[in-house]
Amino acid sequence: MSQPFYMMAGTLVCVGVGTVMFLVSNKPSKTQRKARSGRKSGGGKKFIIGGNWKCETNCKMVDEITVRLNGMGAIPDSMEIYVCPPFPHLATATVDLRSDLAVSSQDCGTMEKYGAFTGDAFAGMLKDVGCEWALLGHSERRQYQKESSALVAAKAAAALKQGLGAVVCIGESKAEREGGMPVMKKVLLDDQMTALLKALGKDAAAWANVVIAYEPVWAIGTGLSATPKQAQETHKLIRDWVAAQVSPQVAKALRIQYGGSVKGNTAKELAQQPDIDGFLVGGSSLKDDFLLIISEADAGLKLR
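(A) Molecular detail of the pairing of strand 1 (residues 47-52). The element strand 1 is extensively covered by neighbouring structure, given that six of its six residues are classed as buried. Burial along strand 1 is two-sided: F47, I49 and G51 and I48, G50 and N52, pointing in opposite directions, are all buried. By the bridge criterion, six bridges tie strand 1 to strand 2 (residues 79-84) in an arrangement that is parallel. The residue of strand 2 that forms the bridge with G50 is Y82. Between the parallel elements strand 1 and strand 2, the chain passes through helix 2 (residues 59-70) in a crossover that is right-handed. When strand 1 meets strand 8 (residues 278-281), the two strands line up parallel, connected through four bridges. Pairing of G51 across the sheet is with V281, part of strand 8.

What follows is the structure, given as structure tokens:
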């Protein structure tokens, strides 16, 4: 064979070896994905604050939020913090965010295994990518995707089965709030909470991994907020119902978040209410105000 042929063959071998080495060296390492420890178990009832990023973030914003959260001080011992990135950013968040912050999906499917479920998200897949919670039944999904309370409850059961915690959102519209307590009970308890009870039963172990996020729909993104008194009354209504329908022990341990336009200047007084066990924060979770909410909530808890 001619010398040019040998030279060409040698070049191809070198290029091939170099390509393989490049691919191997740039293959994501499993060690890059942190063992996440944001979701707390034991050590008492933690005040739980969630940041719902909704469908608001591009890659640049995710980087900025990550830098802000990674740079904040130690999370108070009395608290647990989680964030809910949109699906395209979940993998990034589970790698880049500090490990003592829990990551939650904004939804999950009802299926019980991997399979041909285009456009859906199996809870086991979310667990595998690093999620510790699934946010379910947010009012925007109930409104825009027409999710029923039965479907939300089925998603909660699916999340729990795969080892995720379930943050289940419930709430009432402005018209329902103005309809008075009988209407609110029908919406919050007879519909939303009853559907969850049917899906989970009275199993204390299942309820131990559930957080209820009460979100007055009329206060979301409007700048309005229930007064601390209004929020406390509704949270107590929910807890009393759980005590009667499930058990007093489950009701006492159950964490109920308030999720109606919480801000840094309202967090302290809200956190002082005995039946408010956390916040689900929307728009403010994208800003510096989220850190203020955490610190003000800590200050409020010390005044209980």
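(B) Up close: the pattern of salt bridges. Counted by the stated rule, this structure contains 17 salt bridges. Residue K161 pairs with E112 through a salt bridge whose shortest N-O separation is 3.0 Å. Here K161 is found in helix 6 (residues 149-161), whereas its partner E112 is found in the loop between strand 3 (102-105) and helix 4 (123-129), with 49 residues between them in sequence. Linking D275 and R239 is a salt bridge whose minimum nitrogen-to-oxygen distance equals 2.6 Å. Taken as a pair, D275 in the loop between helix 12 (264-271) and strand 8 and R239 in helix 10 (residues 228-245) lie far apart in primary sequence, 36 residues in all. Overall, the relative accessible area of 9% leaves R239 in the buried class. Salt bridges linked by common partners bring K45, R239, D275 and D277 together as one network.

(C) The arrangement of the nonpolar core in detail. Membership of the largest hydrophobic core comes to 73 residues, with the highest contact counts inside it found for I49, W207, Y258 and F279. Among the elements that take part in this core, helix 8 (residues 181-200) stands out by supplying eight residues, more than any other. The residues touching W207, leaving out its near neighbours within four places in the chain, are M193, L196, L197, L200, G201, K202, V246, V250 and L254. Counting 11 residues, the second largest nonpolar core, distinct from the first, contains A102, W133, L135 and A213.

What counts as what
Residues numbered from 1 in each chain as written. Predicted model: local features only at pLDDT ≥ 70, side-chain atom pairs only at ≥ 80, totals over all residues. Heavy atoms only, no water. Buried < 20%, exposed > 50% of the residue type's maximum accessible area, 1.4 Å probe, protein only. Helix = DSSP H or I, 4+ residues; strand = E, 2+ residues; numbered from the N terminus. Pairing = 2+ DSSP bridges. Right-handed = clockwise from strand over helix to strand, strands pointing away. Salt bridge = Lys/Arg side-chain N within 4 Å of Asp/Glu carboxyl O. Core = buried A, V, L, I, M, F, W, Y, C linked by side-chain atoms within 4.5 Å. Contact = heavy atoms within 4.5 Å.

Geometric values such as these leave the question of function open.
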